[in-house]
Protein chains: 2
Amino acid sequence: MAANQEEVKLLGVVGSPFVCRVQIALKLKGIEYKFLEENMKNKSELLLKYNPVHKKVPVLVHNEKPISESLVILEYIDETWKQDPILPTDPYQRALARFWSKFIDDKVVSAAWKAVFTVDEKEREKGVEESHEALEILENELKDKKFFGGDEFGFVDISAVFIAFWIPIVQEVAGLKLLTSQKFPKLYKWSQEFVTHPVIKEVLPPRDPLFAFFKELYENLAASK
Amino acid sequence: MAANQEEVKLLGVVGSPFVCRVQIALKLKGIEYKFLEENMKNKSELLLKYNPVHKKVPVLVHNEKPISESLVILEYIDETWKQDPILPTDPYQRALARFWSKFIDDKVVSAAWKAVFTVDEKEREKGVEESHEALEILENELKDKKFFGGDEFGFVDISAVFIAFWIPIVQEVAGLKLLTSQKFPKLYKWSQEFVTHPVIKEVLPPRDPLFAFFKELYENLAASK
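The following refers to the structure shown. (Residues numbered from 1 in each chain as written. Chains lettered and ligands numbered in written order. Predicted model: local features only at pLDDT ≥ 70, side-chain atom pairs only at ≥ 80, totals over all residues. Heavy atoms only, no water.)

## Things to note about the interface of chain A and chain B
Consideration 1: At the interface, 23 residues of chain A touch 23 residues of chain B.
Consideration 2: Three residues stand out in chain A for area buried against chain B, namely A:E79, A:Y92 and A:F99, and they jointly supply 26% of the buried area on that side.
Consideration 3: Our count for the contact surface shared by chain A and chain B stands at eight salt bridges.
Consideration 4: Its salt-bridge partner being B:E69, residue A:K102 comes within 4.0 Å of it at the nearest N-O pair.
Consideration 5: Where chain A packs against chain B, one counts eight residue pairs in polar contact (both at pLDDT 80 or more).
Consideration 6: For the side of chain A that touches chain B, the secondary structure elements donating two or more residues are β4 (65-68), α3 (70-80) and α4 (91-117) of chain A.
Consideration 7: If you tally residues by element for the side of chain A that touches chain B, the top one is α4(A), at 10 residues.
Consideration 8: Split by residue class, the side of chain A that touches chain B holds 12 nonpolar, three polar and eight charged. (Contact = heavy atoms within 4.5 Å. Buried area = accessible area lost by both parts, 1.4 Å probe. Salt bridge = Lys/Arg side-chain N within 4 Å of Asp/Glu carboxyl O. Polar contact = N/O pair within 3.5 Å; in protein donor to acceptor, adjacent residues only side chain to side chain. Helix = DSSP H or I, 4+ residues; strand = E, 2+ residues; numbered from the N terminus. Nonpolar A, V, L, I, M, F, W, Y, C, P; charged D, E, K, R; others polar.)

## Observations regarding the sheet that holds strand β3 (residues 59-62) of chain A
Residues and elements named next belong to chain A.
Consideration 1: One open sheet accounts for four strands, arranged β2-β1-β3-β4; its pairing is mixed. In this open sheet, the two edge strands, each paired with only one partner strand, are β2 (34-37) and β4. When strand polarity is set aside, the average angle formed by the axes of neighbouring strands in this sheet is 20°.
Consideration 2: Direction of pairing for strand β1 (residues 8-12) relative to β2: parallel, over a ladder of four bridges. Residue pairing across strands places K9 opposite K34, the latter belonging to β2.
Consideration 3: Running at roughly 155° to β1, helix α1 (residues 17-28) makes contact with β1, β2 and β3 of the sheet. (Pairing = 2+ DSSP bridges. Axes fitted to C-alpha atoms, helices over the stretch in contact; angles between N-to-C directions.)

## Some thoughts on helix α4 (residues 91-117) of chain B
Consideration 1: Over its 27 residues, α4(B) extends 38 Å from the first C-alpha to the last, a length consistent with the 39 Å expected when each residue adds 1.5 Å.
Consideration 2: Helix geometry: α4(B) is bent most strongly at B:I104, by close to 30°. (Expected span 1.5 Å × (residues − 1). Bend = angle between axes of the 7 residues up to and from the residue.)

Shown next, in the form of structure tokens:
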């Protein structure tokens, strides 16, 4: 391959918040790429070759070099294509951005998942409670900023796409109130700003099929009680 | 504080592999700091102030700015003090280093902990099995390199201090074989190189009290069956 040629592939599934993170970063930076849709029930040889450790998406493949783990991919994209930086330049601000992204992965995603897709009622309630606690912390962190990144969205906002787009869907599926304008006015306002941002809007998966997918998952689970 | 003055504090406990990571990085780079020993059963006002979200150690405080999460701290240290870099300069190699450090946190630490400190026999066996699987993957990744970082230790080696120093202690406590020279010769050799490295040796906590601490923990757990 000629040195001036770039080949960028993304192994993913439509509807994954982790894949969506990578799509946002690539879109923001204007990187052309080939999206290779995976079937997670019948994983491709390519996925097993490129991510033999976890066998999960997303995998970014840049000139045949594979990178896994969505936050690791975001950092790689930011270091490789410098335009429209995702992370701030100041080391302390970078550390805070990494801290909050990890917080979202460790505390929000698992709690919201538990709140919606757990059969056991007590576990479910615990999931709701933990979601509220984690979202409250983010509400306080956001303060009166438009985005976590400031006037423009950045690393934390991209990591938080799960909160802005996925939580509203799954809470409706389960008839729960996790992120509402009453409970978390700042975070709610942020979520609206974020999902209507021109870059983000173009990358988000279509809502209706995703809603139907989660609805079916939820009903199957409820039926298995 | 004058601009040329640096005040570096580390809130930690002796015997924590996560705190030790930060100590290694500071030692490598020759940064003077004040170690503030925390009592995790009676957390200080300072810890609650500096890490209100997780209330955990390590917390690095640089000129009154607190940073939490050991891997986030390592990146901050590497970006702030450039001498003796911990991460490689090439974006792809940096991505791999971040990937493997996350792998150690997600797959090795929890599995080894489960193998040693779980009461339920089945869970314990699962912990042993998962530990072996994860260590096998690292054995293959290490190949014939002296360190994960190459000729000198780096980000992944520092993250893996838990494997080099803590696993040998806790496996002896529990009479288990997790990391042995027979099972994982390369990883075992690496662990020997690592813990005897002049920089590392100076920073590791004393073995005997740590062994006694885990032994007591283990026996209390066994007695509670």
